[in-house]
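Below, each chain spelled out in residue letters.
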Amino acid sequence: MTEATPGERVALPCPACSPDLETVHEVLKPGGHVTVRCTDCDHVHKEQLPEETTLQRDVVVSQDGESFTAQVDVPEDADLAVGEEFLLETEEAVLTVRITSLETDEGREEEASVEAVETIWSRAVGNVAVNVTMHPKDGRHDETESFKLQVPGDFEFVVGETEEFGDEEFTVEGIHVRDDAHGYDHEKMDFDGDSAVAKDINRLYVRDESSTAWSAW
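The following refers to the structure shown. These numbers come from a predicted model, not from an experiment.

**Quick look at the overall build of the protein**
- Check the secondary structure of the protein and you find 0 helices and 20 strands.
- For 217 residues, the compact-globule estimate of 2.2 N^0.38 gives 17 Å, and the C-alpha radius of gyration of the protein, at 25 Å, exceeds that figure by more than 25%.
- Reported as C-alpha extents along the three principal axes, the dimensions of the protein are approximately 80 × 35 × 35 Å.
- Across the protein, the fraction of contacts at a sequence separation of at least 24, relative to all contacts at a separation of at least 6, is 47%.
- When the accessible surface of the protein is split by element, carbon and sulfur atoms take 43% of a total near 12,800 Å².
- The positive charge centre, built from 16 side chains, and the negative charge centre, built from 53, are 3 Å apart in the protein.

**Quick notes on the pattern of salt bridges**
- Evaluation of the coordinates by the stated rule reveals 9 salt bridges.
- Where Glu85 meets Lys199, a salt bridge forms, and the shortest distance between an N and an O atom there is 3.2 Å. Linking Glu85 in strand β8 (residues 85–89) with Lys199 in the loop between β19 (195–197) and β20 (201–208), this pair joins segments that are 114 residues apart in sequence.
- For Glu85, a relative accessible area of 33% gives the class partly exposed.
- Overall, Lys199 belongs to the buried group, its relative accessible area being 13%.
- With its nearest N and O atoms 2.9 Å apart, the salt bridge here joins Arg207 to Glu209.
- Since its relative accessible area comes to 24%, Arg207 is described here as partly exposed.
- Within this structure, Glu85, Arg98, Arg123, Asp154, Asp180, Lys199 and Asp200 form a network of salt bridges that share partners.

Calculation criteria
Residues numbered from 1 in each chain as written. Predicted model: local features only at pLDDT ≥ 70, side-chain atom pairs only at ≥ 80, totals over all residues. Heavy atoms only, no water. Helix = DSSP H or I, 4+ residues; strand = E, 2+ residues; numbered from the N terminus. Rg over C-alpha atoms; globule rule 2.2 N^0.38 Å. Contact = heavy atoms within 4.5 Å. Areas by Shrake-Rupley, 256 points an atom, 1.4 Å probe, with all protein chains shown as cover. Lys, Arg positive; Asp, Glu negative; His and termini not counted. Charge placed at Lys NZ, Arg CZ, Asp CG, Glu CD. Salt bridge = Lys/Arg side-chain N within 4 Å of Asp/Glu carboxyl O. Buried < 20%, exposed > 50% of the residue type's maximum accessible area, 1.4 Å probe, protein only.

What follows is the structure in structure tokens.
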């Protein structure tokens, strides 16, 4: 059954003033049979809310360079879009994932109704691996080191700020955001104070602050 919360508004027939047409009701008390009040005539009565119909869809999840398939139940009247996030329950864990593509009969789409979607392509964003390119603190860019950082998806990196992770200490000089990230004015950011959260970052460009001794990679 559809879960209702006190104060929520639902559309139901009112036995007092509108038995044949739905009116707006306010939920007073949740339960198997919710207690509601008609906002037109203030009549209070109990009703069983209609069961929400869902459609099961395959979800392909990309995580740390690997992929796996799971299933998710989505309300049949829902619309889906690239960039949206949702909780996905699997046998191993509950993951926060972000939609990266929607597969339909017509091909890959940015937006589609759940009825039209065959497969939801996504990536895990609760904990993510951020690609980092680091150059020496003396300013040389012809020698670089690349590595990955495992951080929470909501961890914020700011251009101009110094971060320390274990043996690595670096200053962020540039941020390249992902194609499915929203809310950013530019794909590449390199001004002090520019920031992005880890789940939106494709690559960090940083200056090493831990050592001046660099050997050839």
